[in-house]
Amino acid sequence: MQQLNRPARRALLVLHVAVSVSWLGVTLGLLALGITGWTTHSPEMTAVAYRAMKVFGDWLVLPLALSALVTGLLLSLGTPWGLARHRWVYLKFWLTLIALLLSVFALRPGIDHLAAEATTGNPTPDLALVVAPAVASTLYFFLTAVSVLKPWGLTRRGRRLREDRTAKARARRVPGNGRAGAGVS
């Protein structure tokens, strides 16, 4: 993929940060609602918490998760960071993909089930709707730290690409002082 120009890269970076932080915020909201549904002794409050979780799950989780994945992928492919050059980028991609799949295939069905129970007036508090958002929030905080700290260095592919680039740069240099014929009288 062609490298993004500076304005496009910066705009995409702002969008990526915004949707990623929004995904974290929604997950923290789900955690608060899950704790409410689990700890309250009021069936009405439990029902309201689980129905609110359904709204978050239906309207926010999937679009934000997909947006975070796509903008991150575009950033990695359109900048020198690359997708498989740095371990932190590679790890973020795979963990984001796993989090997206878990949101779609585990979290949302659990929310849908409890929201359906809530509409019948007989919601059963479920610890899974506390644990899942807690784990997801921890993961998103970890991914944020990885984005800021950029640990672990290059992958094998990244080292190979850097070595190839360095070798090509050396081959372009002319021996001597950098000028053809330098030092010859």
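Residues numbered from 1 in each chain as written. Predicted model: local features only at pLDDT ≥ 70, side-chain atom pairs only at ≥ 80, totals over all residues. Heavy atoms only, no water.

(A) Local environment of the packing of helix H1 (residues 6–39) against helix H2 (residues 43–77). In contact at an axis separation of 8 Å, H1 and H2 are set at 160° when each is read in the N-to-C sense. Relative to H2, H1 is oriented roughly antiparallel. The chirality of how H1 crosses H2 is left-handed. (Axes fitted to C-alpha atoms, helices over the stretch in contact; angles between N-to-C directions. Helix = DSSP H or I, 4+ residues; strand = E, 2+ residues; numbered from the N terminus. Parallel < 35°, antiparallel > 145°, perpendicular 65-115°, else oblique. Left-handed = near helix turned anticlockwise from the far one by under 90°.)

(B) Expanded view of the nonpolar core. With 26 residues, the main nonpolar core has Trp23, Leu30, Tyr50, Met53, Ile111, Leu129 and Tyr140 as its most contacted residues. Contributions of two or more residues to this core are made by H1, H2, helix H3 (87–119) and helix H4 (128–149). Per-element tally for this core: the top contributor is H2, with 9 residues. Ignoring any residue separated from it by four or fewer positions in sequence, one finds tryptophan 23 in contact with Val61, Leu64, Ala65, Ala68, Thr96, Ala99, Leu100, Ser103 and Tyr140. (Core = buried A, V, L, I, M, F, W, Y, C linked by side-chain atoms within 4.5 Å. Buried < 20%, exposed > 50% of the residue type's maximum accessible area, 1.4 Å probe, protein only. Contact = heavy atoms within 4.5 Å.)

(C) Seen up close, the packing of aromatic side chains. Scanning the entire structure with this criterion turns up 4 aromatic pairs. Centroid distance tyrosine 90 to tryptophan 94: 6.3 Å. Interplanar angle 75°. Geometry classified as edge-to-face. Linking tyrosine 90 with tryptophan 94, this pair stays in helix H3, spanning 4 residues, or about one helical turn. Among the residues examined, tryptophan 94 registers a relative accessible area of 40% and is labelled partly exposed. (Phe/Tyr/Trp six-rings, centres within 6.5 Å; stacked < 30°, edge-to-face > 60°.)

(D) Representation of the environment of leucine 114. Relative to the helices and strands, leucine 114 resides in helix H3. Setting aside residues no more than four positions away along its own chain, leucine 114 makes contact with Tyr50, Thr124, Asp126 and Leu129.

(E) Focus on the environment of glycine 82. Locating glycine 82 in the fold gives a position in the loop between H2 and H3. Along the primary structure glycine 82 and alanine 167 are separated by 85 residues, whereas in three dimensions their C-alpha atoms are 20 Å apart. Not counting residues up to four positions away in its chain, the partners in contact with glycine 82 are Ser76 and Val89.

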